[in-house]
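# Observations on chain architecture
These are the residues of each chain, in order.
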Amino acid sequence: MLLSSFSFLSCKDVSTTMILTPGPVIDFLVVNQNVREPRYVDWVKAKRMLKNLRVKTKHNNMEFKIIGLSEKPCNQQYFPMKLKNQDGANVEAQIVEVTVYEYFTKHCGIQLGYSAYLPCLDVGKPKRPNYLPLELCSLISLQRYKKALSSMQRASLVEKSRQKPQERIKTVTEAVRSYCYDEDPVLSSCGISIEKQMTQVDGRILETPKLKVGNSEDCIPRNGRWNFNNKTLLNPTSISKWAIVNFSARCDISHISRELINCGRRKGINIERPHTLIEEDQQSRRGSPLARVERMFELIREKLPGPPEFILCVLAERKNSDIYGPWKKISLSDFGIVTQCISPTKINDQYLTNVLLKINSKLGGINSLLAFEHSSHIPLIMDTPTMILGMDVSHGSPGQSDMPSVAAVVGSRCWPLISRYRASVRTQSPKVEMIDALYKPLANGNDDGIIRELLVDFFQTSKGHKPKQIIVFRDGVSESQFNQVLNIELEQIIKAYQHLGEVDIPKFTVIVAQKNHHTKLFQAGGGTENVPPGTVVDTKIVHPRNYDFYMCAHAGMIGTSRPAHYHVLLDEIGFSPDDLLNLVHSLSYVYQRSTTATSIVAPICYAHLAAAQMGQFMKFEDFSETSSAQRSMTSVGSTPVPELPRLHENVEGSMFFC
């Protein structure tokens, strides 16, 4: 291990947020939904976008907070209005029903145009609505937009907020000097001063692990990256009975088929000609996403003699396709068929190789292994059956507070390998971070929890070995929740193990990984590049008593690298610091769907992928017209939570999430 010196930045950092463009509400909706005219606005999406935003009215210059939209257009939305008595007599005022349009035009003398046919903004209380026509309302300035962004907006945010290391250093150090913290009377009275230079720390650069690819060739990553140019996959699968379906009018699937077969041959995957190529007919494209997918599966059943082992699905949109959710739900849950969705802009060897990495992993192949994993020589893991868990909880997007959270746990299989995983996913109450379905005893005495599935799978794929050691990587929890991880989640894992009739409890190592922090590492001496892959800092800036360290396993190609912050909450296995660091570092090189080291260990990446993909099932169920009849519900406390459909037995053990 080489010793190097790094600069350190913490607490003071640059933050970026989205601010609403002030102006007419209707202009905001038209621009953000990318439509030509107000009549094309999707009002279901608009309601979510506008909720809790503040507006100012033209006619009386008052500010209001939006709570929703009216159910009917302005010229059809009635409300009760009291008529004033003309003679001043002490008689109870008459109440009449008038439309919002009539009220503003006749009683307020305000002429309305396009908003007469659009919904009104509701700025009242839940039981006392107060309706305002859209054209009278403008968004006020300096409002943070906290809701989910579109893929284009996210790309724009990343583009505008990224800074190279030297730019970030300059921005922050100049801010510290110019803000005159030393003159702050509160800080001075407390004896606090702010250092104007970054802290110098010693770091280590871990040795890059070797990989094994096809023909037992060595592959040595450089700068955290490698490729399969002139190489084959370690354990390629073969595909004989498969099909291509096309939901995109612009793609030539015959050309895609030929190029995929040729690229697969070069990578060692034997791909036969597809059994059939199915184009979506013009009439089906006008149906709902669910209807389109169901019609496509009808065509698949008609044109194939039996279920295919694999389907390549071509979509029109690269991101957020309405087809994706129902397609994945029906293929994985109802039919048990492995699928790969693509939306190619151009077909070349690099693109097809990346697609084949995913396909090979999903169908049970192995793209590459760590060299010491290939030789079955992993310190403390080779000698004792060891299971690795990656745990993550995915919450609904901002503005979707009622969307159930999705908990995913992946477990390693085929010990002593540490590159193969199986996922188990459940829903739970919205915004709840602790996973409550790790152990789930039923009335009949069975356990329907996540961990039981993974333990049984480990036993079946590891030649009858039971895990004697379990390494848990947990993502997404803050320091205030560390005790809950040990007292709630670890306790559930132990109960699930005991429920299987086991007396000897495995040894545990529990590690929390954090990415949501403001610590940055820079090369000392004014280096213009990010710190090299494998950089570790475990002194000076870490906790004085607890066991934690920073690791930057990946090569930061864009902006400034953010190291992962690992906290070792428990280590019963007894790893030495070097062995643990090398294991964590190595687990950043086993991510089968890419040829770069990941910024956080692969089991956590897989758990995140599994939660996101099956969360699309929930998104599909939530918006499908038959969802209320089809979804099964489980009650957590007083809140019913819709359950995810279980995966078909044909794919439940696959890396479907890859």
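Here we summarise the structure given alongside this text.

Definitions and cut-offs
Numbering of residues starts from 1 in each chain and follows the order in which that chain's sequence is written. This being a predicted model, a pLDDT of at least 70 is required before a residue's local features are given, and a value of 80 or more before pairs of side-chain atoms are given or counted; all residues contribute to the totals for chains, interfaces and linings. Note: side-chain values were computed over all heavy atoms of the structure, leaving out hydrogens and water. Secondary structure elements are taken from DSSP: a helix is a run of H or I of four residues or more, a strand is a run of E of two residues or more, and numbering for both begins at the N terminus. Note that the radius of gyration is over C-alpha atoms, with the globule rule given as 2.2 Å times the number of residues to the power 0.38. Only protein chains enter the accessibility calculation, which uses a 1.4 Å probe; a residue whose area is less than 20% of its type maximum is buried, one above 50% is exposed, and one in between is partly exposed. Residue contacts are counted whenever heavy atoms from the two residues lie within 4.5 Å of one another. What sets the accessible areas is the Shrake-Rupley method with a 1.4 Å probe; for residues, cover comes only from the shown protein chains. The axes are straight lines fitted to the C-alpha atoms, using for helices just the contacting stretch, and the angles between their N-to-C directions are given from 0 to 180°. Oblique is the label for any angle not under 35 degrees, not over 145, and not in the 65 to 115 range, which are roughly parallel, roughly antiparallel and roughly perpendicular in turn. Rotating anticlockwise by less than a right angle from the far helix to the near helix defines a left-handed crossing, while the corresponding clockwise rotation defines a right-handed one. Being paired, for any two strands, means DSSP has found at least two bridges between them. What is meant by a nonpolar core is a set of buried Ala, Val, Leu, Ile, Met, Phe, Trp, Tyr and Cys residues, joined one to another through side-chain atoms within 4.5 Å. One side-chain nitrogen of Lys or Arg within 4 Å of one carboxyl oxygen of Asp or Glu is enough to make a salt bridge. For Phe, Tyr and Trp, where Trp contributes only its six-membered ring, two rings pair if their centres lie within 6.5 Å, and the inter-plane angle classes them as stacked under 30 degrees, edge-to-face over 60, or tilted in between. As defined here, a cavity is a set of points on a 1 Å grid over the protein atoms alone where a 1.4 Å probe fits but cannot get out. A pocket is an open set with protein on both sides within 12 Å along at least five of seven lines, and residues line them when an atom is within 4 Å of a point. Grid points are joined across faces, edges and corners, and a volume is the space filled by probe spheres set on the points. Here the nonpolar group is Ala, Val, Leu, Ile, Met, Phe, Trp, Tyr, Cys and Pro; Asp, Glu, Lys and Arg are the charged ones; every other residue, Gly included, is treated as polar.

## With respect to the overall build of the protein chain
A tally of helices and strands in the protein chain yields 16 helices and 31 strands. Relative to the 2.2 N^0.38 estimate, which gives 26 Å for 658 residues, the radius of gyration of the protein chain is 29 Å and therefore close to what a compact globule would have. Reported as C-alpha extents along the three principal axes, the dimensions of the protein chain are approximately 100 × 80 × 55 Å. Scored against the burial criterion, the 658 residues of the protein chain give a buried share of 49%. Excluding contacts between residues fewer than 6 apart, the proportion of contacts in the protein chain whose partners are at least 24 apart in sequence is 71%. Within the structure as shown, the protein chain displays about 32200 Å² of accessible surface, and the carbon and sulfur contribution to it stands at 49%.

## Concerning the packing of helix α8 (residues 289–303) against helix α9 (residues 324–335)
The contact between α8 and α9 brings their axes to 9 Å, and the two run at 45°. When the axes of α8 and α9 are compared, the pair comes out oblique. In this structure, α8 meets α9 at a crossing whose hand is right-handed. Only Pro-326, Trp-327, Ile-330, Ser-331 and Phe-335 of α9 make contact with α8, whose side of the interface consists of Pro-289, Leu-290, Val-293, Glu-294, Met-296, Phe-297, Ile-300 and Arg-301.

## Observations concerning the sheet that holds strand β9 (residues 131–132)
Read from one edge to the other, the open sheet built from 3 strands follows the order β5-β8-β9, with strand pairing classed as antiparallel. Pairing within the sheet leaves two strands with one partner each, and these edge strands are β5 (68–73) and β9. Here strand β8 (residues 119–122) runs beside β9; their pairing, made up of 2 bridges, is antiparallel. Directly across from Leu-121, in β9, lies its bridge partner Leu-132.

## Here's the deal with the nonpolar core
One broad rule of soluble globular proteins: the nonpolar side chains tend to lie buried together. One finds Tyr-566, Tyr-606 and Phe-657 to be the most contacted residues of the largest nonpolar core, which totals 111 residues. For this core, the element with the most residues is helix α15 (residues 602–623), which contributes 11 residues. Residues Phe-28, Leu-29, Val-100 and Cys-120 belong to the second largest nonpolar core, which totals 33 residues.

## Observations regarding the pattern of salt bridges
Considering all chains together, one arrives at 21 salt bridges under this definition. Of the charged contacts in the structure, one is a salt bridge between Lys-329 and Asp-334, with a shortest N-O distance of 3.5 Å. Exposure remark for Asp-334: the relative accessible area of 40% places this residue in the partly exposed category. Here Arg-646 and Asp-448 are joined by a salt bridge, their closest N and O atoms 2.9 Å apart. Of the two residues, Arg-646 sits in the segment after β31 (639–642) while Asp-448 sits in the loop between β23 (421–428) and α12 (450–461), which places them 198 residues apart along the sequence. What makes Arg-646 partly exposed here is its relative accessible area of 37%. Several salt bridges share partner residues, and in doing so they unite Arg-413, Arg-422, Arg-426, Glu-453, Asp-457 and Glu-652 into one network.

## Side note on the packing of aromatic side chains
Enumeration according to the criterion identifies 14 aromatic pairs in this entry. Pairing Tyr-103 with Phe-104 gives two aromatic rings, centres 5.2 Å apart and planes at 85°, and the pair type is edge-to-face. With a relative accessible area of 27%, Tyr-103 lands in the partly exposed category. Members of the aromatic cluster, joined through ring pairs, are Tyr-421, Tyr-591, Tyr-606, Phe-656 and Phe-657.

## Quick word on empty space enclosed by the protein
Taken as a whole and assessed by the stated rule, the structure comprises 2 cavities of 30 Å³ or more. Volume-wise, the largest cavity comes out at about 40 Å³. A per-class count over the lining of the largest cavity returns 5 nonpolar, 4 polar and no charged. If you trace the second largest cavity, you find it lined by Met-391, Val-472, Val-485, Glu-489, Leu-490, Ile-493 and Val-510. It is helix α13 (residues 482–499) that provides the largest number of residues to the lining of the second largest cavity, a total of 4 residues.

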